[in-house]
Amino acid sequence: LDLSSNLLVAIPALSPLFNLVSLNLSDNMIDSVLGIYTKLGQVLTLNLSRNRLDSLCGLERLMALERVDLRHNVLEEIAEVGRLAVLPNIAEIWVEGNIFAEEQDNYRVQCFEFFWKENKEITLDGSPPGFYERRNRKSLPSEQMYSSRPPSAVYSPPVLPVGVQPSQS
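Since we're looking at a predicted model, the values are computed, not measured.

The rules behind these values
- Residues numbered from 1 in each chain as written.
- Predicted model: local features only at pLDDT ≥ 70, side-chain atom pairs only at ≥ 80, totals over all residues.
- Heavy atoms only, no water.
- Core = buried A, V, L, I, M, F, W, Y, C linked by side-chain atoms within 4.5 Å.
- Buried < 20%, exposed > 50% of the residue type's maximum accessible area, 1.4 Å probe, protein only.
- Helix = DSSP H or I, 4+ residues; strand = E, 2+ residues; numbered from the N terminus.
- Contact = heavy atoms within 4.5 Å.
- Phe/Tyr/Trp six-rings, centres within 6.5 Å; stacked < 30°, edge-to-face > 60°.
- Pairing = 2+ DSSP bridges.
- Salt bridge = Lys/Arg side-chain N within 4 Å of Asp/Glu carboxyl O.

J.: Would you take a moment to explain the nonpolar core for this structure?
T.: As a rule of thumb, nonpolar side chains are buried together in soluble globular proteins. Grouped together as the largest cluster of nonpolar side chains are 37 residues, with contacts concentrated most on Leu46, Leu48 and Leu59. When contributions to this core are tallied by element, the ones reaching two or more residues are helix 3 (99-103) and helix 4 (107-116). When residues of this core are assigned to their parent elements, the largest contribution, 5 residues, is made by helix 4. Contacts of leucine 59, omitting those with residues within four sequence positions, involve Val33, Ile36, Leu46, Leu48, Val68, Leu70, Leu84 and Leu87.

The structure is reproduced here in structure tokens:
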């Protein structure tokens, strides 16, 4: 459904459209997504670019969301992007053109970090993390990232010198 460029100031109630998977609300005057989960059903792709959003509070409750475009809003805090890290299916996010992206050189590293802490790989602004972003990562190394147990609890067979038989105890 394309509702772009309609001078909307709020998210319309579209929950009766339970088969709606893609919604374009770009180029409107929407300034809040608070309570969006009560107005939208199981939308997978949401375009909110070129609005007046300064907070993403509410988006973290759209559990089916896979792709979201937030370009050219007025998001000042990079932590707003971190709200989306709890979404189980999130895979693609666009945030360039927001205030934090213009003011912070390493905004991509910080955004990826939110998702790495939740064991998620995403694409940001159309590209996956590059060498620089992976190198500057603060969370667990990639081989430990998807383990559900702490590294000390991971089983490793005993190491025996060549030619020595394991004991029968």
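J.: Help me understand the packing of aromatic side chains in this model?
T.: Here a ring pair, both rings aromatic, is described through the centre-centre distance and the interplanar angle of the planes. For the structure shown, the criterion picks out 2 aromatic pairs. Plain terms: the ring middles of phenylalanine 100 and tyrosine 107 are 6.0 Å apart, the flat faces sit at 70 degrees to each other, and that makes the pair edge-to-face. By relative accessible area, phenylalanine 100 is classed as buried at 0%. The exposure class assigned to tyrosine 107 is buried, which follows from its relative accessible area of 11%. With a centroid separation of 5.6 Å and an interplanar angle of 20 degrees, the aromatic rings of phenylalanine 112 and tryptophan 116 are classed as stacked. Placement of both phenylalanine 112 and tryptophan 116 in helix 4 is noted, with a separation of 4 residues, approximately one turn of the helix.

J.: Just to check I follow, could you spell out unusual backbone geometry for this structure?
T.: Excluding glycine, residues mostly carry a negative phi; peptide bonds, for their part, are mostly trans. The backbone of arginine 50 sits at a positive phi, close to 55 degrees, despite the residue not being glycine. Within the element layout of this structure, arginine 50 appears in the loop between strand 2 (45-47) and strand 3 (67-69). By relative accessible area, arginine 50 is classed as partly exposed at 45%. Backbone geometry places aspartate 125, a non-glycine residue, at a positive phi of 55 degrees. Its place among the elements puts aspartate 125 in the loop between strand 5 (123-124) and helix 5 (131-135). Overall, the relative accessible area of 16% leaves aspartate 125 in the buried class.

J.: Got a minute to help me understand the sheet that holds strand 2 in this structure?
T.: Sheet strands pair via backbone hydrogen bonds, and the direction of the pair is either parallel or antiparallel. Taking strand neighbours across the sheet as the criterion, the 5 strands line up as 1-2-3-4-5 in an open arrangement whose pairing is parallel. One side of each edge strand has no neighbouring strand; the edge strands of this open sheet are strand 1 (22-24) and strand 5. Sheet topology note: the strand 4 (residues 92-94)/strand 5 ladder contains 2 bridges and is parallel. For glutamate 92, the partnering residue across the bridge sits in strand 5 and is threonine 123.

J.: What should I look at first to understand the pattern of salt bridges in this one?
T.: When the charged atoms of two side chains with opposite charge come close together, those side chains can pair. Tallied over the entire structure, the rule returns 6 salt bridges. The partner of glutamate 66 in a salt bridge is arginine 67, with the nearest N and O atoms 3.6 Å apart. Since its relative accessible area comes to 28%, arginine 67 is described here as partly exposed. A salt bridge links arginine 108 to glutamate 133; its shortest N-O distance comes to 2.9 Å. Here arginine 108, found in helix 4, pairs with glutamate 133, found in helix 5; they are 25 residues apart in sequence, far enough to count as distant. Residues joined in a network through salt bridges with shared partners are Glu66, Arg67 and Glu92.

J.: Just to check I follow, could you spell out the environment of lysine 39 for this structure?
T.: Within the secondary structure layout, lysine 39 lies in helix 1 (residues 36-39). Sequence-wise, lysine 39 and proline 12 are 27 residues apart; in three dimensions their C-alpha atoms are separated by 6.7 Å. Ignoring anything within four residues of it in the chain, the contact list for lysine 39 reads Ile11, Pro12, Ala13, Leu14 and Ser15.

J.: Would you explain helix 4 in this entry?
T.: Quick reminder: α-helices carry 3.6 residues per turn. Residues three or four places apart thus point the same way. Across the 10 residues of helix 4, 8 count as buried, placing the element largely inside the fold. Inspection of helix 4 places Tyr107, Arg108, Val109, Cys111, Phe112, Glu113, Phe115 and Trp116 among the buried residues, and these make up the whole buried set.

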